[in-house]
Amino acid sequence: MLNFIQVLAYKGKENTMEIEVSIDKFVIDYKDVPHSAFLRVYMVGVQKYKVKMKIYSGTYSYELHMRKSDDVYIHLYFKNFRETEGHLHTLRIETRPEHYSHFREILEMIGKRASRVEFVSCDVAYDIQTGLENIVVIPTDAWRNMTHFDTNTIFW
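The structure displayed is predicted, hence computed values, not measured ones. (Residues numbered from 1 in each chain as written. Predicted model: local features only at pLDDT ≥ 70, side-chain atom pairs only at ≥ 80, totals over all residues. Heavy atoms only, no water.)

Draft legend 1. Region of interest: the overall build of the chain. On a plain count of helices and strands, the chain comes out with 2 helices and 10 strands. In the chain, the succession of α and β elements from N to C terminus is β-β-α-β-β-β-β-α-β-β-β-β. Across the 156 residues of the chain, 33% fall into the buried class. Partitioning the contacts of the chain with sequence separation of at least 6, the portion at a separation of at least 24 is 61%. Carbon and sulfur atoms provide 51% of the accessible area of the chain, an area that totals close to 10,300 Å². (Helix = DSSP H or I, 4+ residues; strand = E, 2+ residues; numbered from the N terminus. Buried < 20%, exposed > 50% of the residue type's maximum accessible area, 1.4 Å probe, protein only. Contact = heavy atoms within 4.5 Å. Areas by Shrake-Rupley, 256 points an atom, 1.4 Å probe, with all protein chains shown as cover.)

This is the structure we're talking about:
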């Protein structure tokens, strides 16, 4: 699991440190989804959740953000700008792993219409109970950028 980051930590004279690992975001692509299926997802979402939609705002033509509560959300992105031909497109979903079960109806609707599902990425969090002055973090991928936010170290 530590394949893209090596974490070296110490605490006093002890050489052992407990590190808690969790997945913060999990991203999957549903391939070859028709536009009508995306519109159906939007209609179901509007009836059941708080929904915010953006059209033509970035990498994807449609962004759909649904919230079941303040803590439970799902983000859907449809039709990558590179997909210029045909009527079947990629629908990308990202949320926390434990949130997928809250949107089962929507995921089943999409899954029935997609030709396949592909893993895209996940954000892995390493929670270490010590100050940053006691930790050295070395990314093994040269292209990753490191940023500090509050007490977190984030790699992009």
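Draft legend 2. Here's a closer look at the pattern of salt bridges. For the structure on display, the rule yields 10 salt bridges. Residues K25 and E94 are paired through a salt bridge, measuring 3.7 Å at the closest nitrogen-oxygen approach. On the criterion of sequence distance, the pair formed by K25 in strand β2 (residues 19–34) and E94 in strand β6 (residues 88–95) is long-range, its members being 69 residues apart. For K25, a relative accessible area of 24% puts it in the partly exposed group. Notably, a salt bridge pairs R104 with E108, separated by 3.8 Å at the nearest N-O pair. Residue R104 and its partner E108 are both found in helix α2 (residues 104–113); the two are separated by 4 residues, about one turn of the helix. Owing to a relative accessible area of 55%, R104 belongs among the exposed residues under this scheme. Taken together, the shared-partner salt bridges in this structure form one network comprising D24, R96 and E98. (Salt bridge = Lys/Arg side-chain N within 4 Å of Asp/Glu carboxyl O.)

Draft legend 3. Summary view of the packing of helix α1 (residues 35–48) against α2. Contact geometry for α1 and α2: axes closest at 10 Å, N-to-C directions at 170 degrees. Classified by the angle between their axes, α1 and α2 sit roughly antiparallel to one another. Where α1 approaches α2, its residues S36, A37, R40, V41, V44 and K48 are matched on the opposing element by E105, I106, M109, I110 and R113. Here the contact of α1 with α2 is composed, by residue class, of 6 nonpolar, 1 polar and 4 charged. (Axes fitted to C-alpha atoms, helices over the stretch in contact; angles between N-to-C directions. Parallel < 35°, antiparallel > 145°, perpendicular 65-115°, else oblique. Nonpolar A, V, L, I, M, F, W, Y, C, P; charged D, E, K, R; others polar.)

Draft legend 4. Expanded view of the confidence of the model for the chain. Scored by pLDDT, the chain comes out at a mean of 80, with 75% of its residues at no less than 70. Summarising per-element confidence for the chain, the mean pLDDT is lowest in strand β1 (residues 5–9) (44) and highest in α2 (93). Note that pLDDT drops below 50 for residues 1–13; the model gives that stretch 37 contacts with residues more than four away or on any other chain. (pLDDT = per-residue confidence, 0-100.)

Draft legend 5. Highlighting the environment of Y56. Mapping Y56 onto the fold places it in the loop between β3 (50–55) and β4 (60–67). Among the residues examined, Y56 registers a relative accessible area of 58% and is labelled exposed. Y56 sits 24 residues away from N80 along the chain, and the two C-alpha atoms are 9.9 Å apart. Apart from the residues within four sequence positions on either side, Y56 is in contact with S61 and Y62.

Draft legend 6. Inspection of the nonpolar core at higher detail. Ranked by internal contacts, the top residues of the largest apolar core, which has 24 residues, are Y30, M66, L76, L91, I93, I106 and I110. Mapped onto this core, the elements with two or more residues apiece are β2, α1, β4, β5 (73–80), β6 and α2. When sequence neighbours within four positions are dropped, the list of residues in contact with Y30 reads H89, T90, L91, I93, L107, I110, G111, A114, R116 and V117. (Core = buried A, V, L, I, M, F, W, Y, C linked by side-chain atoms within 4.5 Å.)

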